[in-house]
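One-letter residues, chain by chain:
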Amino acid sequence: EVQLVESGGDSVQAGGSLRLSCTASGFSFEDTDMGWYRHAPGTDCEFVSIIRSDGTTYYTDSVKGRFTISQDGANLYLHMNSLKPEDTAVYYCATPSFDPLTREGWVCRPGVGYWGQGTRVTVSS
């Protein structure tokens, strides 16, 4: 059974840092593209960061220079620095979907692939 479990979400002040973790069971990250997505109330789910099986990484513009995605065996991480209130959302790790016709390509498709239950990040000013 495939399962992804996120952890590390918390409430922090603007400018703070968090490290999100995702632990996989039932499959391996090593030969699979993996990503982080986020969904805030009243907004669309959006791509945050992707790490491809070849190690290539992608970040949505709003987090470039602040967030870092990495993987280590069965664990996927998102290190978030200089957090802003607009980063407030539930963060999910997932196997990503790609649509070359979209602006960033890495689309949010909760019904496709594997998704964790999410971990909530709240950033206050």
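Parameters at a glance
Residues numbered from 1 in each chain as written. Predicted model: local features only at pLDDT ≥ 70, side-chain atom pairs only at ≥ 80, totals over all residues. Heavy atoms only, no water. Pairing = 2+ DSSP bridges. Helix = DSSP H or I, 4+ residues; strand = E, 2+ residues; numbered from the N terminus. Axes fitted to C-alpha atoms, helices over the stretch in contact; angles between N-to-C directions. Disulfide = S-S within 2.5 Å. Salt bridge = Lys/Arg side-chain N within 4 Å of Asp/Glu carboxyl O. Buried < 20%, exposed > 50% of the residue type's maximum accessible area, 1.4 Å probe, protein only. Contact = heavy atoms within 4.5 Å.

S.K.: Lay out the sheet that holds strand β8 (residues 75–80) in plain terms, naming residues and giving numbers.
M.R.: Strand-to-strand pairing in sheets goes through backbone hydrogen bonds, with the strands running parallel or antiparallel. Taken together, the 4 strands give an open sheet; going across it, the order is β1-β3-β8-β7, and neighbouring strands pair in antiparallel fashion. Since the sheet does not close on itself, it has two edges, and those belong to β1 (3–7) and β7 (67–72), each with one partner. On average, each strand axis in the sheet is tilted by 15° relative to the strand beside it, whichever way the strands run. Where β1 and strand β3 (residues 18–25) come together, 5 bridges link them in antiparallel fashion. The partner of L4 across the bridge, within β3, is A24.

S.K.: Describe the state of the cysteines, and please don't skip the residues or the numbers.
M.R.: Across all of its chains, the model carries 2 disulfides by this definition. Sulfur-sulfur distance for the disulfide between C22 and C93 comes to 1.9 Å. Linking C22 and C93, the disulfide has an S-S dihedral of approximately 50° and is accordingly described as right-handed. On the criterion of sequence distance, the pair formed by C22 in strand β3 and C93 in strand β9 (residues 89–94) is long-range, its members being 71 residues apart.

S.K.: Describe the sheet that holds strand β2 (residues 11–13), with residues and values.
M.R.: Ordered in space as β2-β12-β9-β4-β5-β6, the 6 strands form an open sheet in which the pairing is mixed. In this open sheet, the two edge strands, each paired with only one partner strand, are β2 and β6 (57–59). The mean angle between the axes of side-by-side strands here comes to 25°, regardless of whether they run parallel or antiparallel. In this structure, strand β4 (residues 34–39) lies alongside β9, joined through 5 bridges in antiparallel fashion. By the bridge assignment for β9, Y37 is matched with Y92.

S.K.: Before we move on, could you go through the pattern of salt bridges and cite the residues and values that matter?
M.R.: For the coordinates displayed, the defined rule picks out 7 salt bridges. With a closest N to O distance of 3.5 Å, R52 and D33 form a salt bridge. One end of the pair, R52, is in the loop between β5 (46–51) and β6; the other, D33, is in the loop between β3 and β4, with 19 residues separating them in the sequence. For R66, the salt bridge identified is with D87, shortest N-O distance 2.7 Å. One end of the pair, R66, is in the loop between β6 and β7; the other, D87, is in the loop between β8 and β9, with 21 residues separating them in the sequence. Its relative accessible area of 9% is what places R66 among the buried residues. Each of R38, E46, R66 and D87 takes part in salt bridges that share partners, so that together they form one network.

S.K.: Account for the side chain of S97, with residues named and values stated.
M.R.: Among the secondary structure elements, S97 is positioned in strand β10 (residues 97–98). Owing to a relative accessible area of 13%, S97 belongs among the buried residues under this scheme. For S97, the contacting residues outside a window of four places in its chain are Y37, G105, W106, V107, R109 and V112.

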